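Overview (structure and organization)
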Amino acid sequence: MSDILTHVDDGVMTITFNRLDKKNSITAAMYGVMADAVDQARSDAAVRVVLIQGHETIFSAGNDIGDFLNQPPSTKESNVFRFLRGIAALEKPLVAAVAGPAVGIGTTLLFHCDLVYAGDNAAFSMPFVNLGLCPEAASSLLAPRMFGYHRAAEALLLGEPFYAEAAQEVGLVNRVVPPTEVNAMAQTQARKLAAKPLSSLIATKRLMKGGQTQEVLAQMDLEGASFGRMLSEPAAKEAFGAFMEKRKPDFSKL
Ligand code: COA
């Protein structure tokens, strides 16, 4: 069975993380499948809305750390960046259903969604600093804008998780429901959108986003340059080595 499942039904393209044994962590190949799916969604008239979902116990543990170390994203055309640019610039509505942990990109991709539904077990985290890295997916721009600077600093500098209720309070999440209901709820909302006139949805989304999309893409480039450099620096090496060896990282000399 594929690690990413996609299907189109009633105008909704559903993209499902399907790698439960590795907590839906995302490999470069999986990013490639998702980037291609988003490309298809853009041009395929049968797709009016895109929905990203995980499992009721886990949305995604973020980048697959081993895969990431073996094949770090080295150019702007790397699958992860293609995927991120794809969702940031998608004109059609993007919906997410999140239950359980949403780590790293599992949280940052949500900034690019129009509607987000969460299970009451959802735990969001952006532990880039804890990994010796810096934010991605324009989260360094969008988290302060959405949460306010100090709450964003808590999430991005301390890298501590925050939960469904807090995520709803800061505006990252529209509604919190039991985890077993979150995918169905998001699907219902996505189908409601898919039944509306697509041209009006696209025009409304474009008006609401204003000039933000270009700003977001530029921020992703800035972040990508730092992220790429930091990946080969000692702090990230220590953090990733510690994860693989199942021990706590030691940053005391870094
Ligand atoms: N990359 C690669 N493998 C991962 C992974 C990741 N990001 N997250 C989890 N896994 C693997 C674990 O190594 C483990 O594999 P194993 O069974 O072969 O040992 C398996 O998935 C189960 O993970 P485990 O940590 O035992 O599950 P948990 O339920 O106790 O915790 C998380 C779930 C998501 C909280 C925890 O796995 C985690 O924090 N993962 C790392 C998140 C991270 O730092 N991501 C990078 C963001 S850029």
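The notes below deal with the structure included here. Being a predicted model, the structure only gives us computed values, none of them experimental. (Residues numbered from 1 in each chain as written. Predicted model: local features only at pLDDT ≥ 70, side-chain atom pairs only at ≥ 80, totals over all residues. Heavy atoms only, no water.)

For the rest of this paragraph, the subject is the sheet that holds strand β5 (residues 101-103). Adjacent strands of a sheet form backbone hydrogen bonds with each other and so pair up, either parallel or antiparallel. Strand order in the open sheet made by the three strands is β5-β7-β8, with mixed pairing throughout. Every interior strand has two partners, whereas the edge strands, β5 and β8 (162-163), have only one. By the bridge criterion, two bridges tie strand β7 (residues 123-125) to β8 in an arrangement that is antiparallel. Within β8, the residue paired with F124 across the bridge is F162. (Pairing = 2+ DSSP bridges. Helix = DSSP H or I, 4+ residues; strand = E, 2+ residues; numbered from the N terminus.)

A separate point is the nonpolar core. One finds F83, L110, F124 and F147 to be the most contacted residues of the largest nonpolar core, which totals 64 residues. Per-element tally for this core: the top contributor is helix α1 (residues 28-43), with seven residues. Among residues more than four places away in sequence, those in contact with F147 are F111, M126, A152, A155, F162, V170 and L172. (Core = buried A, V, L, I, M, F, W, Y, C linked by side-chain atoms within 4.5 Å. Buried < 20%, exposed > 50% of the residue type's maximum accessible area, 1.4 Å probe, protein only. Contact = heavy atoms within 4.5 Å.)

It is worth spelling out the site of the ligand at this point. Surveying the vicinity of the ligand reveals the residues D21, K22, K23, S25, A61, N63, D64, I65, V103, L131, F243 and K246. A distance of 2.8 Å separates a nitrogen atom of the ligand from a polar atom in the backbone of A61. The contact in question runs from a nitrogen atom of the ligand to an N or O atom on the backbone of I65, over 2.9 Å. With the chains in place, 63% of the 870 Å² that the ligand exposes on its own is no longer accessible. (Near = heavy atom within 4 Å. Polar contact = N/O pair within 3.5 Å; in protein donor to acceptor, adjacent residues only side chain to side chain. Areas by Shrake-Rupley, 256 points an atom, 1.4 Å probe, with all protein chains shown as cover.)

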